[in-house]
Structures are given as structure tokens and as C-alpha cells.
Amino acid sequence: MTISVAPIAVAEPLNSTIRDKLQHYLPRLVLAPSFLLVLVFVYGFNLWTLFLSFTNSKAFASSTLVGLANYQKLWTWTFETDPPSSWYTALVNMGIFGGLYVSICLVLGLTLAILLDQKIRGEGILRPIYLYPLALSFIVTGTAWKLFLDPRIGLEKAVHDWGWTSFHFDWVVNPRMMIYCVAIAAIWQTSGFVMAMFLAGLRGVDGEILKAAQIDGASAFATYWRIVIPIMRPVFLSALIILTHMAIKSYDLVLSVTGKNPGGAAELPSTFMYSYTFTRNQMAVGSTSAVIMLMTIAAIMVPYLYSELRETNR
């Protein structure tokens with residue numbers, strides 16, 4: 001008697017195994033090139049800049065180490081106020097520009113978001129208007145504001161043509177006021193973006209909480225101040241991080257508003273870094289200022305990331 005055994009089907013398990021492996025490794029294969037590029041051109045160059053800050057590099061990179069000499073040089077320049085060093089000017093301007101830029105953008109963005117959150121008529125038109133400046137590059141924004149503030153062809157001339165000849169507004173050509181013009185242009189471009197962030201946060205607040213506050217007799221101001229704004233703490237922190245990062249790395253806006261920053265009147269750490277690295281042929285000093293800028297950003301972002309991770313773990 002002959003017994004026939006039916007063949008065991010193995011094709012389906014094999015196909016399933018291959019499919020599972022593809023699903024597991026394909027995302028990694030797709031992300032691998034971009035990960036390698038970021039690893040080399042971001043973190044690799046950051047490490048290279050850190051290395052150069054400990055050398056005596058001039059016009060070209062050098063491997064001769066000088067320790068903390070470049071950092072000591074910038075530390076000395078920090079207190080040279082008579083006459084002020086370019087690094088001292090950059091730090092002072094950074095304080096003025098960063099303080100005005102971050103605080104006014106936060107206040108203006110929150111105010112616009114609260115107004116739009118009232119479900120006013122024409123909200124669909126106002127939102128694109130507020131966001132439109134963000135679509136422009138900093139070069140375009142800076143050039144436009146430079147022309148607008150130019151006393152020969154801009155605001156001052158227009159007001160004089162209307163008959164108010166005693167009006168003067170020459171900030172863009174006044175070395176002491178140039179940095180404020182840069183702040184005005186930056187605030188105009190970024191406040192709409194901050195408004196969009198706050199508006200998204202406001203729309204995410206539970207409406208039942210607001211109704212309960214109204215039933216309890218809380219005023220609109222008290223509702224926003226004591227309930228809504230504390231709930232939006234993560235949005236505030238995110239906006240603060242983004243604005244601070246943009247303020248520290250601002251470069252093209254300074255040059256376009258001031259006209260290549262004559263005399264270093266609107267010097268910022270970013271323009272100082274570029275000038276010493278590529279114009280004055282002091283690559284080591286420029287690298288040192290770049291490292292200080294990077295550490296400043298890290299000092300702001302690391303505590304924020306740490307607090308967010310702690311909240312997630314809880």
C-alpha cells in the first residue's frame with residue numbers, strides 16, 4: 001500500500017518573513033543618507049569648529065594648539081569699553097536686539113492670537129496677512145525696511161512732503177539707533193509666526209474650562225491670565241526657544257537693514273564671527289565666537305528639553 005504525503009506549503013511564511021524584514025529595515029535605509037549627512041555636516045563641522053577654537057588658525061586652518069588663549073582673548077574684549085571692542089559691542093547689541101525681539105514678539109503674537117480667537121469676522125483674511133511676512137526672506141525684509149526707513153526716500157521724506165517738515169526719523173543711518181531698526185524688521189517678520197503658534201494653543205484649550213470660568217464670574221482678563229496662559233506653558237517655551245535661536249543666529253537681516261553694517265554699529269555675535277573668520281583672517285577667534293554662540297543656544301535648549309522629558313516620564 002502506497003501512502004502519499006502532500007507537500008507542505010512554505011511559500012507563504014517565507015514571503016511573510018521577507019515582508020516583515022522589509023518593513024523593519026526599509027525606513028532605516030531611507031533615513032540613513034540624511035542621518036549621515038546631518039552627522040557629518042552638522043555635528044562633524046561643529047566638532048571641527050570646536051577644534052579650531054583651540055588653535056592659532058588665521059586665514060587657513062592650523063593644527064597648532066594654543067589652549068584657551070582665544071577664549072581668554074574674547075573674555076578680555078568683553079570688558080574693553082573705552083574704546084569698546086567689537087566683541088563688547090556685539091554683546092551689548094545682542095542684549096538690546098534679543099531682549100526687544102523676543103519680548104515684543106511674544107506680547108504682540110499673544111495679543112493677535114487672543115484677538116483672532118474671539119471668532120471675529122474676516123479671520124480667514126487676517127491670518128494670511130499676519131503670516132505673509134514669514135514667507136519673505138530676511139534679505140527681502142531687511143532691504144524693504146531699509147528703503148522704508150531711509151530719510152532720503154522713505155518715511156521721513158513722505159512725512160515732509162505732507163507738510164510736517166519738523167519730523168525726523170534717521171535711525172537707519174544713525175549708528176546708535178541702527179540696532180533698533182534691525183529689531184523692528186525682525187519683529188515685523190516673526191510676530192505673525194508667533195501668533196500662529198499661540199492661536200493653535202488657544203484653539204486646543206478645552207472649552208468646558210472656559211465655560212466654567214464664565215459661570216464662576218471670572219472676567220475675560222482673569223480667564224486668560226489665570227487659566228488659559230498657564231495651560232499654554234509649552235507653547236510659550238517653544239516660542240521662546242525659537243525666537244532666542246533666531247535672535248542669536250541673525251546675520252543677513254543685519255546686513256540688509258544697515259547696509260553691510262558700516263563701522264560695526266549693529267554688530268552681533270553672528271556678524272562678529274563672520275567678520276573675523278572670513279574678512280580679518282582670524283579663523284580661530286571666529287571659531288571661538290561660534291562655539292560661544294552654540295553654547296548659548298545649548299544653555300537655553302537643554303533645560304527646556306530636560307523639563308519636557310521629565311513631564312513626559314511623569
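Relevant structure appears above.
Residues numbered from 1 in each chain as written. Predicted model: local features only at pLDDT ≥ 70, side-chain atom pairs only at ≥ 80, totals over all residues. Heavy atoms only, no water.

Observations concerning the overall build of the protein chain
Phase 1 of the analysis: Scanning the protein chain from terminus to terminus reveals 13 helices and zero strands.
Phase 2 of the analysis: Going from N to C terminus, the protein chain has its helices and strands arranged as α-α-α-α-α-α-α-α-α-α-α-α-α.
Phase 3 of the analysis: Taking 314 residues into account, the globule formula puts the C-alpha radius of gyration at 20 Å, and the protein chain, at 28 Å, lies well above it.
Phase 4 of the analysis: Seen through its principal axes, the protein chain has C-alpha atoms that stretch 120 × 70 × 40 Å.
Phase 5 of the analysis: Within the span of the protein chain, comprising 314 residues, buried residues form 33% of the whole.
Phase 6 of the analysis: Put simply, 66% of the contacts in the protein chain that link residues at least 6 apart link residues at least 24 apart. (Helix = DSSP H or I, 4+ residues; strand = E, 2+ residues; numbered from the N terminus. Rg over C-alpha atoms; globule rule 2.2 N^0.38 Å. Buried < 20%, exposed > 50% of the residue type's maximum accessible area, 1.4 Å probe, protein only. Contact = heavy atoms within 4.5 Å.)

Here we look at the packing of aromatic side chains
Phase 1 of the analysis: Within the structure shown, the criterion is met by 17 aromatic pairs.
Phase 2 of the analysis: Aromatic pair Phe 54 and Tyr 71: ring centres 5.4 Å apart, planes at 40°, arrangement tilted. Here Phe 54, found in the loop between helix 1 (11–52) and helix 2 (69–78), pairs with Tyr 71, found in helix 2; they are 17 residues apart in sequence, far enough to count as distant.
Phase 3 of the analysis: Relative to Tyr 274, the ring of Tyr 251 lies with its centre 5.1 Å away and its plane at 45°, an arrangement referred to as tilted. (Phe/Tyr/Trp six-rings, centres within 6.5 Å; stacked < 30°, edge-to-face > 60°.)

Overview of the nonpolar core
Phase 1 of the analysis: Within the largest apolar cluster, 45 residues are counted, with the highest numbers of intra-cluster contacts made by Phe 97, Tyr 101, Leu 106, Val 194, Phe 198, Leu 243 and Val 257.
Phase 2 of the analysis: Residue assignment for this core shows that the elements contributing at least two residues are helix 3 (86–116), helix 5 (138–149), helix 7 (178–203), helix 9 (220–231), helix 10 (233–249) and helix 11 (252–258).
Phase 3 of the analysis: When sequence neighbours within four positions are dropped, the list of residues in contact with Phe 198 reads Leu 106, Gly 109, Leu 110, Ala 113, Met 232, Val 235 and Phe 236.
Phase 4 of the analysis: One finds Trp 77, Phe 272, Tyr 276 and Val 285 within the second-largest nonpolar core, a separate group that totals seven residues. (Core = buried A, V, L, I, M, F, W, Y, C linked by side-chain atoms within 4.5 Å.)

What about unusual backbone geometry?
Phase 1 of the analysis: In this structure, the amide linkage connecting Asp 82 to the following residue, Pro 83, adopts the cis form with an omega of -5°.
Phase 2 of the analysis: When you line up the elements, Pro 83 lands in the loop between helix 2 and helix 3.
Phase 3 of the analysis: Look at Asn 281: it is not a glycine, yet its phi comes out positive at around 55°.
Phase 4 of the analysis: Following the sequence through the fold, Asn 281 ends up in the loop between helix 12 (269–279) and helix 13 (283–313).

Topic: the environment of Gly 67
Phase 1 of the analysis: Mapped onto the elements, Gly 67 comes out in the loop between helix 1 and helix 2.
Phase 2 of the analysis: Taking the C-alpha atoms as reference, Gly 67 lies 61 Å from Ala 218; in sequence the two are 151 residues apart.
Phase 3 of the analysis: With sequence-adjacent residues up to four places away left out, Gly 67 is seen in contact with Ser 53 and Phe 54.

Considering helix 7
Residues spaced three or four apart along an α-helix face the same direction, because each turn holds 3.6 residues.
Phase 1 of the analysis: With 26 residues, helix 7 should reach 38 Å at 1.5 Å per residue; the first-to-last C-alpha distance of 38 Å fits that figure.
Phase 2 of the analysis: Most pronounced at Thr 190, the bend in helix 7 amounts to some 35°.
Phase 3 of the analysis: Burial runs high along helix 7: 19 of the 26 residues are buried. (Expected span 1.5 Å × (residues − 1). Bend = angle between axes of the 7 residues up to and from the residue.)

Topic: the pattern of salt bridges
Where charged atoms from two side chains of opposite charge approach closely, those side chains can pair.
Phase 1 of the analysis: A complete count under the given rule lists three salt bridges for this structure.
Phase 2 of the analysis: In this structure, Asp 117 engages Arg 203 in a salt bridge whose closest nitrogen and oxygen atoms are separated by 2.9 Å. Here Arg 203 lies in helix 7 and Asp 117 lies in the loop between helix 3 and helix 4 (123–131), a separation of 86 residues in the sequence.
Phase 3 of the analysis: A relative accessible area of 13% places Asp 117 in the buried class.
Phase 4 of the analysis: The partner of Asp 150 in a salt bridge is Arg 152, and the shortest N-O contact between them spans 3.0 Å.
Phase 5 of the analysis: According to the relative accessible area criterion, Arg 152 is exposed, its value standing at 65%. (Salt bridge = Lys/Arg side-chain N within 4 Å of Asp/Glu carboxyl O.)

Concerning helix 5
Phase 1 of the analysis: For helix 5, with 12 residues, the first-to-last C-alpha span of 16 Å sits near the 16 Å given by 1.5 Å per residue.
Phase 2 of the analysis: Among all positions of helix 5, only Thr 141, Gly 142, Trp 145 and Leu 149 are buried. Buried residues of helix 5 fall within an arc of 95° about the axis and therefore sit on the same side.
Phase 3 of the analysis: Buried residues along helix 5 sit against helix 7 and helix 11. (Arc of directions from axis to C-beta.)

Some points on the environment of Met 94
Phase 1 of the analysis: On the secondary structure map, Met 94 appears in helix 3.
Phase 2 of the analysis: Between the C-alpha atom of Met 94 and that of Val 38, which follows or precedes it by 56 residues, the distance is 28 Å.
Phase 3 of the analysis: Setting aside residues no more than four positions away along its own chain, Met 94 makes contact with Gly 99, Ala 247, Ile 248, Leu 268 and Pro 269.

As for the state of the cysteines
Phase 1 of the analysis: Counted according to the given criterion, the structure contains zero disulfides.
Phase 2 of the analysis: No disulfide involves Cys 105; its sulfur sits 16 Å from that of Cys 181, the nearest cysteine.
Phase 3 of the analysis: For Cys 105, a relative accessible area of 0% corresponds to the buried category.
Phase 4 of the analysis: For Cys 181, a relative accessible area of 0% translates into the label buried. (Disulfide = S-S within 2.5 Å.)

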